[in-house]
Amino acid sequence: MDGGTRPSLSAAVALVVLVSTAVVAATSVNVTTLAFDDGYAPLFGKGNLVRSADGRSVSLLLDRYSGSGFISSDMYHHGLFRASIKLPSDYTAGVVVAFYTSNGDVFEKSHDELDFEFLGNIRGKEWRVQTNVYGNGSTSRGREERYYLPFDPTADFHRYSILWTADNIIFYVDDTPIREVRRSEAMGGDYPSKPMSLYATIWDASNWATSGGRYKVNYKYAPFVSSFADLTLLGCRLDPIQQVPTTRSGCPAAAAEIAATGLAVMTPEKRRAMRAFRRQYMSYSVCYDRVRYPAPFPECDIVETEKKRFGETGRLRFRRHRRRVPRGGRVPVVADSNRQPQM
């Protein structure tokens, strides 16, 4: 650890209050947001979890003593899990912020999980986000994809959504779909099927998060602050010891509420936006990693142009020129086959 001086608690809280007030504008998707205490509870590092004055947003801190996290009060069988998130700024190597669903505390050897993992970096480098899909303990068959973000996620809040239905899983960034996993018989138990809780955490992942562990967390820059607002939980609340609904009408009200958002339907416009995002910002896909998996997973849609770019390792073979993003600015996703994510 670095020997820097730990900022006072009052200074950290003041920083949190400032960050938590800068929430994003109302989303174009009509969903109801929750106050923290109405849907969530502290998970760990309670002293490093700070609610805003109105209780509708919360900040998680990582310092040399502890990370922090929260968990949903209920478990859900299918649902929409959504938050506007602002990530820590400055030097964040080794820091991981995660927004994910899991039931690992109930089903230790057969757990399901859907992840957004935000991987910190050294100053000046682009932030990356990784999505994971695990079903029935299938961590040995990791379905990871990794992307660069087309904006500075530390300058403003951006929306991140996990949509999980009986038919598909879609990850959204600012209402643009970036990944869809469609359920198939061939996936079997690898498709998440059991009730899950929603988690958000910040923690020290020095041993792997940045360049394979080459760059560690430097606590001179602590506390690292990640803030969450516009918290949304839609879905079928279910006790894990109850029988999981076997029909689509098991939770009709919840299913109707999710359907009303329109997020579960991939329109042609959404598919074009998803392809454009992946073409520009995806830096790794398990679907093209023949080193780890000689045969692609059954849900993979192999695109020949992508296959050539990602080679046998699933990682981009070509570098792209970085461009400056205005602080807090959003970069529109546009089709440009000449721009490639940087390795």
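Worth saying up front: this structure is predicted, and the values here are computed from it rather than measured.

Draft legend 1. The arrangement of the state of the cysteines in detail. Inspection of every chain in the model, using the stated rule, returns 2 disulfides. Here cysteine 236 engages in a disulfide with cysteine 251; their sulfurs sit 1.8 Å apart. Here cysteine 236, found in strand S14 (residues 224-237), pairs with cysteine 251, found in the loop between S14 and helix H3 (252-261); they are 15 residues apart in sequence, far enough to count as distant. Owing to a relative accessible area of 5%, cysteine 236 belongs among the buried residues under this scheme. Cysteine 287 shares a disulfide with cysteine 300; S-S distance 2.1 Å. Every disulfide takes its handedness from the sign of the S-S torsion; for cysteine 287 and cysteine 300 that torsion is -80°, giving left-handed.

Draft legend 2. Region of the structure containing the pattern of salt bridges. The tally for this structure, following the rule as stated, stands at 16 salt bridges. For arginine 82, the salt bridge goes to aspartate 175, with nearest N and O atoms at 2.7 Å. In this pair, arginine 82 is assigned in strand S5 (residues 76-86) and aspartate 175 in the loop between strand S11 (168-173) and strand S12 (176-182), connecting sequence segments 93 residues apart. Judged by relative accessible area, arginine 82 falls into the buried class, the value being 2%.

Draft legend 3. Spatial organisation of the packing of aromatic side chains. The final tally for this structure, using the stated rule, is 17 aromatic pairs. With a centroid separation of 5.0 Å and 10° between ring planes, the pair formed by tyrosine 100 and tyrosine 199 is classed as stacked. Placement of the pair is tyrosine 100 in strand S6 (residues 95-102) and tyrosine 199 in strand S13 (residues 197-204), with a sequence separation of 99 residues. Given the relative accessible area of 17%, tyrosine 100 is considered buried. The interplanar angle of 50° and the centroid separation of 4.8 Å between the aromatic rings of tyrosine 293 and phenylalanine 297 together place this pair among those described as tilted.

Draft legend 4. The sheet that holds S6, seen in detail. As summarised here, the arrangement of the 9 strands in space is S1-S4-S13-S6-S7-S8-S9-S15-S16, forming an open sheet in which the pairing is antiparallel. Both edges of this open sheet fall to strand S1 (40-44) and strand S16 (313-315), since each of them pairs with a single strand only. Across the sheet, the mean angle from the axis of one strand to that of its neighbour is 20°, orientation sign disregarded. With 4 bridges connecting them, S1 and strand S4 (residues 68-72) associate as antiparallel partners. Bridge assignment links proline 42 to a residue of S4, and that residue is phenylalanine 70. The strands that helix H4 (residues 268-281) touches are strand S9 (145-148) and strand S15 (282-289); relative to S9, the one it contacts most, it runs at about 80°.

Draft legend 5. Fine view of the environment of tyrosine 191. Inspection of the secondary structure puts tyrosine 191 in the loop between S12 and S13. Take tyrosine 191: its relative accessible area is 1%, and that puts it in the buried class. Expressed as a C-alpha distance, the spacing of tyrosine 191 and glutamate 113, which sit 78 residues apart in the sequence, is 9.6 Å. In contact with tyrosine 191, other than residues within four places in its own chain, are Asp112, Gly135, Trp164, Thr165, Ala166, Asp167, Asn168, Ile169, Val181, Arg182 and Arg183.

Draft legend 6. Representation of H3 within the structure. The set of residues buried in H3 consists of Ala254, Ile258 and Thr261. Projected down its long axis, H3 shows its buried positions confined to an angular sector of 50°, all on one face. Facing away from the buried side of H3 by over 90 degrees, the exposed positions are Pro252, Ala253, Ala259 and Ala260. At the exit of H3 stands glycine 262, carrying a positive phi of roughly 80°.

Draft legend 7. Structural detail: the sheet that holds S12. Read across the open sheet, the 7 strands follow the order S2-S3-S14-S5-S10-S11-S12; overall the sheet is antiparallel. Looking at strand neighbours, the two that pair on one side only are strand S2 (49-51) and S12, the edges of this open sheet. In this sheet, neighbouring strand axes are inclined to one another by 20° on average, regardless of whether the strands run parallel or antiparallel. In this structure, strand S3 (residues 58-62) lies alongside S14, joined through 5 bridges in antiparallel fashion.

What counts and how
Residue numbers here run from 1 along each chain, matching the order of that chain's written sequence. Per-residue local features of the predicted model are confined to residues with pLDDT of at least 70, and side-chain atom pairs are confined, for both listing and counting, to 80 or more; whole-chain, interface and lining totals are unaffected and use all residues. Side-chain metrics rest on all non-hydrogen atoms present in the structure, leaving aside hydrogens and water. Disulfide assignment relies on a single distance test, namely cysteine sulfur atoms paired within 2.5 Å. Comment: elements are numbered from the N terminus, with helices defined as DSSP H or I runs of at least four residues and strands as E runs of at least two. For the exposure calls, accessible area comes from a 1.4 Å probe over protein chains only, and a residue counts as buried if that area is under 20% of its type's maximum, exposed if over 50%, partly exposed in between. The term salt bridge refers to a side-chain nitrogen of Lys or Arg lying within 4 Å of a carboxyl oxygen of Asp or Glu. Two rings from Phe, Tyr or Trp (for Trp, the six-membered ring) form a pair when their centres sit within 6.5 Å of each other. Planes less than 30 degrees apart are called stacked, planes more than 60 degrees apart edge-to-face, and all others tilted. The rule for pairing is simple: two strands pair if DSSP sees at least two bridges between them. Axis lines are fitted to C-alpha atoms, over the contacting stretch for helices. Their N-to-C directions set the angle, which ranges from 0 to 180 degrees. A contact between two residues is defined here by any heavy atoms of the two lying within 4.5 Å. The arc refers to the directions leading from the helix axis to the C-beta atoms.

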